[in-house]
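# Descriptive analysis of the structure
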Amino acid sequence: MVLKILSIYENNDLGLHAKIFVRVTKEIDGEMKSKKIETSVGRIIFNQGIPQDLGFVDRSNPENAFDLELEMVFVEGGSFEMGDNSSKMHEADEEVVRNVTLDDYYIGKFPITVHQFAVYINDVNRNIDNPFYFYKTNAEQKGGAYIWNIEKASPEWKDSVNWRYNEYGQLMSEEEYYEHPVIYISWEDAKKFCEWLSLKTGKKYTLPSEAEWEYAARGGKKSRNYTYSGSNNPEKVGWFLTKKVKDAAMHPIGQKAPNELGIYDMSGNVYEWCWDWYSRCYDAKDVNNPHGKDNIDFGNRESFRRVLRGGSFSNLPSSGRVTDRNHGDPNLGTCISSFRIVCHK
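All values reported here derive from a predicted model rather than from experimental measurement.

### Topic: the environment of Phe80
Counting through the fold element by element, Phe80 comes out in strand β6 (residues 78–82). Residue class for Phe80 comes out buried when judged on its relative accessible area of 8%. Expressed as a C-alpha distance, the spacing of Phe80 and Arg218, which sit 138 residues apart in the sequence, is 9.4 Å. Excluding residues that lie within four positions of it along the chain, Phe80 makes contacts with Arg98, Asn99, Val100, Leu102, Ala211, Glu214, Tyr215 and Arg218.

Okay, structure coming up:
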């Protein structure tokens, strides 16, 4: 493969850093084919605020060099009623409605993609002195994961599957890396990604708290009180299980309408990990920037699980309500588990 740099420019007003246009030439089916592509070096884009405020990469240090693009949406802090005890679809673990207050933060415009996760894996595996060197995801450690069996319309274990594979356990193409959310990701895997990005940028990246996730999904201060993130019609904003069960599939990011803040895919397609340990009911007194309980209730098996939000392509639309709650083993990644990140100033 031949790579030729065509042009380079910088425009920090748009949150761009060293945008590069290159022409890539490689042999495909015996023929040399060429195309112009756009890439970037350590690019992090924010829709509000100055990008340097949230961790521009210092390119003067080669160890900090990495090719990553993230789009982050500013969420102005405020107060909201978290939970649901009145709609027909509400569940018991949503019923303790509390008035929560949050500070400002940034949240990913999309879930983390396969390409973005690959950048992380490639970066940590090139330097033996890196504290995350030779990291293997939980799926890689376990030697497989639960895929979606389209014939049985149910999850099924398959050996050797990991973050490089699609929901059916098939290896993804390079093109799909850029378009699809990364799956088979455990809570522990997602946390490691955030720790790595924090180390690279010098800023605090983490998984959203359950309160931050719900506030952003509702649309923050611009909320129109929709049932789903951006609409009362689930089909407008997400991908869910329908009567055509064999059509169930993960889809590329950003294909449906965004919510009031311009955030995509917070209802449906793939579940997203939150920071909090799961609890059957909210703590009514924990209302200022809550991050869930600190201690595990050893008498409750569910308390060993972390929160999942948003629903998925293999779940009914009710799972994608902005108040709906789910939970999972923090050491298990499946075909419906992904994540998005937040950054705090």
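### Here's the deal with unusual backbone geometry
Of note in this structure, Asn269 is not a glycine but carries a positive phi near 75°. Among the secondary structure elements, Asn269 is positioned in the loop between α6 (234–237) and β12 (271–277). One non-glycine residue, Asn289, adopts positive backbone phi at about 50°. Looking at where Asn289 falls in the secondary structure, it is placed in the loop between β12 and β13 (306–309). According to the relative accessible area criterion, Asn289 is partly exposed, its value standing at 28%.

### Points about the pairing of strand β8 (residues 105–108)
With burial as the criterion, each face of β8 is covered, one bearing Tyr105 and Ile107 and the other bearing Tyr106 and Gly108. Here strand β5 (residues 69–75) runs beside β8; their pairing, made up of 4 bridges, is antiparallel. In the strand pairing of β8, Val75 is matched with Tyr105. Note that β8 and strand β16 (residues 342–344) share 2 bridges and pair antiparallel. From the neighbouring strand, Tyr106 faces β16, where its bridge partner is Cys343.

### So, the environment of Val97
You can see Val97 is positioned in the loop between β6 and β7 (98–102). Val97 gets classed as partly exposed once you look at its relative accessible area, which sits at 30%. When the C-alpha atoms of Val97 and Asp283 are compared, they prove to be 9.5 Å apart, with 186 residues separating the residues in sequence. Non-local contacts of Val97, meaning those with residues more than four positions away in its chain, are made with Glu81, Met82, Gly83, Asp84 and Asn85.

### Side note on the side chain of Glu94
With respect to the helices and strands, the residue Glu94 is situated in the loop between β6 and β7. A polar side-chain atom of Glu94 sits 2.8 Å from a polar atom in the side chain of Arg321. Each residue touching Glu94, except ones within four places of it in the same chain, is listed here: Gly83, Asp84, Tyr282, Arg321, Thr323, Asp324 and Arg325.

### A closer look at helix α1 (residues 114–124)
Of all 11 residues making up α1, 10 are buried, and the element is well covered by its neighbours. Taken together, the buried positions of α1 are occupied by Val114, His115, Gln116, Phe117, Ala118, Val119, Tyr120, Ile121, Asp123 and Val124. On its buried face, α1 sits against β5, α3 (174–179) and α4 (187–201).

### Overview of helix α5 (residues 210–218)
With respect to burial, α5 is a largely interior element, 9 of its 9 residues being buried. For α5, the complete set of buried residues consists of Glu210, Ala211, Glu212, Trp213, Glu214, Tyr215, Ala216, Ala217 and Arg218. One or two positions beyond α5, positive phi appears at Gly219, with a value near 105°.

How each quantity is defined
- Residues numbered from 1 in each chain as written.
- Predicted model: local features only at pLDDT ≥ 70, side-chain atom pairs only at ≥ 80, totals over all residues.
- Heavy atoms only, no water.
- Helix = DSSP H or I, 4+ residues; strand = E, 2+ residues; numbered from the N terminus.
- Buried < 20%, exposed > 50% of the residue type's maximum accessible area, 1.4 Å probe, protein only.
- Contact = heavy atoms within 4.5 Å.
- Pairing = 2+ DSSP bridges.
- Polar contact = N/O pair within 3.5 Å; in protein donor to acceptor, adjacent residues only side chain to side chain.

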